Amino acid sequence: MLRSKVKSIRNLTKYPRWYGLGVLAVGVGGVGACLLSGAFTLSASDILMKAPPLPWSHSGYYTAFDHASVRRGYQVYKQVCAACHSLQYIHYRNLVDVSHTEEEAKQEAAEILVAGDLDEEGNPTQRPGKLYDKLPAPYANDNVARSANNGALPPDLSYIVLARKRNEDYIFHLLTGYADPPAGDSVDDEMAYNLYFPGNKLAMPQQLFTNSVEYDDGTEATVSQMAKDVTVFLRWAAEPAHDDRKRIGFKGMIIMPLLWLVAFYMMKHKWSVMKSRKLAFLPAVRKKYTFAGYARKGPPIS
Amino acid sequence: MTLNTRWIPERKQHFILNFLSKIFTDLPTPPNINYYWNLGSLLGFCLIIQLITGILLAMHYCPEITNSFDSITHIERNISSGHILRNLHTNSASLFFLCVYLHISRNIYHNTWKNQVTWTIGITIYITMIITGFVGYVLPWGQMSFWAATVITNLFSAIPYIGNSIVLWIWGSFSVSNPTLNRFYSLHYLFPFILTSLTIIHIIALHSENHSNPTGSQSEIDKLPFHQYFTTKDLQTTILLSIIIFFIITHTPHTFSDPENFIKANPLITPTHIQPEWYFLFAYSILRSIPNKLGGILALISSITILYLILLLKQEHIKSSNHRPNLKLTTWSLSITFILLTWIGSVPAESPYTILSLIITAWYFTSFIILIPLHSNTEKRIINKNIINNYQ
């Protein structure tokens, strides 16, 4: 009789139903109020557009870069952006088998002059670039860069895509988001108005215009085409290991779950006897373990 | 070659083997512990990953302010598989903290802090982890590294009289600069070993007493040997955790990192939002919720050290929240509080959030100081009432 009444120890701690519902209501209400108060606060400081997400061909879990696009992007970078922005972590060797063949990369490198070893009389020399050289920086140092750009420093572009919120989407929209300032607002001569730049006024005027570059592969050089290509190139520059990483990930996601299945099966196998054992409750045999005894005296062993 | 058939008695005789077998093989373990009890081994696994990847990273890292950012770049771009190594180290730190939070929540939910040494050392481990994580975050010398270091070390200046000297002593200079980076690196190498020793003591202390279990009752009547049953279970979950880590580092390695940290530290430019890694956000919003600087620091410190004080609570006969509705409610509300605090820490300290964070912080402390101690009393009444109803 006792056994049918006390199904589990849970019965000892039963609450009236309204208690749980009430608590639930208060909890949900509280959390909801928190979220709502957050959602309905507007900050009307400036016209800042959040870059909407774009369908990048490499943004899937298992999609590599569009390497033709990386190559075109390199061309845009070299012919437009490199006038002001450095790309200090990229060497010519990085281009090999990514956007260029080894021969082409060597030719690219040979176009520049870099400081060579001292000659026999100790005078500095110059030599054509090699694969292991870095892409050239446009300015000797930050101060030169600043004075050439009305006091603004063009940032290094190596990590720029990862170093901004909304990554590729932001860079693309930044490059294409130039507009006239809205009525009542104006920008200085050296500054430009951009819908996506925080604060809207930036020291980089619009760089990309139709046919700013002439693509090797004959692609039509519209503004958005160039912006897209240079963004893909910069995304690659921010993480040259990107394709490798995804390839490793693909392999691992096939192998590791299999490994887990084996381990899981092993566990189930070892546990099977334990899991199918049956425990019988015999109050006559061990009185002190009954619930009544428990409730009266507390736990049997202390 | 003959097989050594004496290996079974030997593990009981040899004092090291015997010791190990008491921890890993023969250890009597309650059969009903659920997956919540796997976090211990997962934490050990995380620690091992961090140690191995950390030691390998240290071979290429350069603790010098003009070079450290570049040396990380070098690791990511030029060292073979260096990007995997680095992403593994940063991302499994996140999972390390996730597991620690779940592990602590297990103990609060199931009320399993009866072993005082284990609990005290456990909380000490957590605090050591916080310091290790914090100094480690400074090492890449990105913008967020630098500014997080500046903001957090500056907190000490709120201590009356000696605050400013302490800050200078921590910096080793007049601002966060090269000496600071050097000592942080040194500490970041030292602390994991302290952590390892603490972990070993934690495990020894844990196994010197009875294993807890989800019913919260005594478990002498039913035990299984650790090896075969729980080694296989731990292996299974360890592989599961590795899959999660692997997925993160190969699919979304930058999810947990701040974009600002891809920019080299620049003392002249302050980022718009300075915020720590997600696993410190809850403490950060407790810090920010108090308008007074010193008060904020005290709140921050006590939000963690309050976990030590849980030990002062009376040991209940019925432990687990499964059978304690009030405690269950409080632990769930604490989890939600934790998540809300984490979220508030990531938003700018503006009008609705400041007051919200104050309320939530107050609730956090109320739960620990008032609600949890009160529950043993309130619950006793309910239990007594139900006993009377059931057994009259």
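Small disclaimer: the values here were computed from a predicted structure and weren't measured. (Residues numbered from 1 in each chain as written. Chains lettered and ligands numbered in written order. Predicted model: local features only at pLDDT ≥ 70, side-chain atom pairs only at ≥ 80, totals over all residues. Heavy atoms only, no water.)

### Some points on the UniProt feature "binding site: heme b b566" (unreviewed entry) in chain B
All names here are of chain B.
Then, in step 1: Within this numbering scheme, the UniProt entry marks His-103 and His-202 as carrying the feature "binding site: heme b b566" (unreviewed entry). Maximum C-alpha separation among the annotated residues is 13.3 Å over a sequence range of 100 residues, consistent with a single clustered spot.
Then, in step 2: Relative to the assigned elements, His-103 resides in helix H5 (residues 82-109).
Then, in step 3: Its relative accessible area of 15% is what places His-103 among the buried residues.
Then, in step 4: Contacts of His-103, omitting those with residues within four sequence positions, involve Leu-39, Gly-40, Leu-43 and His-202.
Then, in step 5: Topologically, His-202 is positioned in helix H9 (residues 178-207).
Then, in step 6: Look past the residues within four positions of His-202 in its chain and what remains in contact with it is His-103, Thr-118, Ile-121, Gly-122 and Ile-125.
Then, in step 7: Within the structure, the side chain of His-202 is placed 3.1 Å from the backbone oxygen of Thr-118, a separation counted as a polar contact. (UniProt positions renumbered as here; feature names shortened; annotations may be inferred. Helix = DSSP H or I, 4+ residues; strand = E, 2+ residues; numbered from the N terminus. Buried < 20%, exposed > 50% of the residue type's maximum accessible area, 1.4 Å probe, protein only. Contact = heavy atoms within 4.5 Å. Polar contact = N/O pair within 3.5 Å; in protein donor to acceptor, adjacent residues only side chain to side chain.)

### With respect to unusual backbone geometry
Then, in step 1: Backbone geometry at Asp-97 of chain A places phi at a positive 65 degrees, although glycine is not the residue there.
Then, in step 2: Within the secondary structure layout, Asp-97 of chain A lies in the loop between helix H4 (92-95) and helix H5 (102-110).
Then, in step 3: Accessibility expressed as a relative area gives 67% for Asp-97 of chain A, which makes it exposed.
Then, in step 4: Positive phi values are uncommon outside glycine, yet Ser-81 of chain B reaches one of about 60 degrees.
Then, in step 5: Tracing the backbone shows Ser-81 of chain B in the loop between helix H4 (68-77) and H5.
Then, in step 6: Accessibility expressed as a relative area gives 46% for Ser-81 of chain B, which makes it partly exposed.

### Points about the UniProt feature "domain: Cytochrome c" (unreviewed entry) in chain A
Then, in step 1: Summarizing the sequence annotation, UniProt attributes the feature "domain: Cytochrome c" (unreviewed entry) to residues 68-198 of chain A in the numbering used throughout.
Then, in step 2: For the annotated span residues 68-198 of chain A, helix accounts for 32% and strand for 6% of the residues, and the straight-line distance between the end C-alpha atoms is 31 Å.

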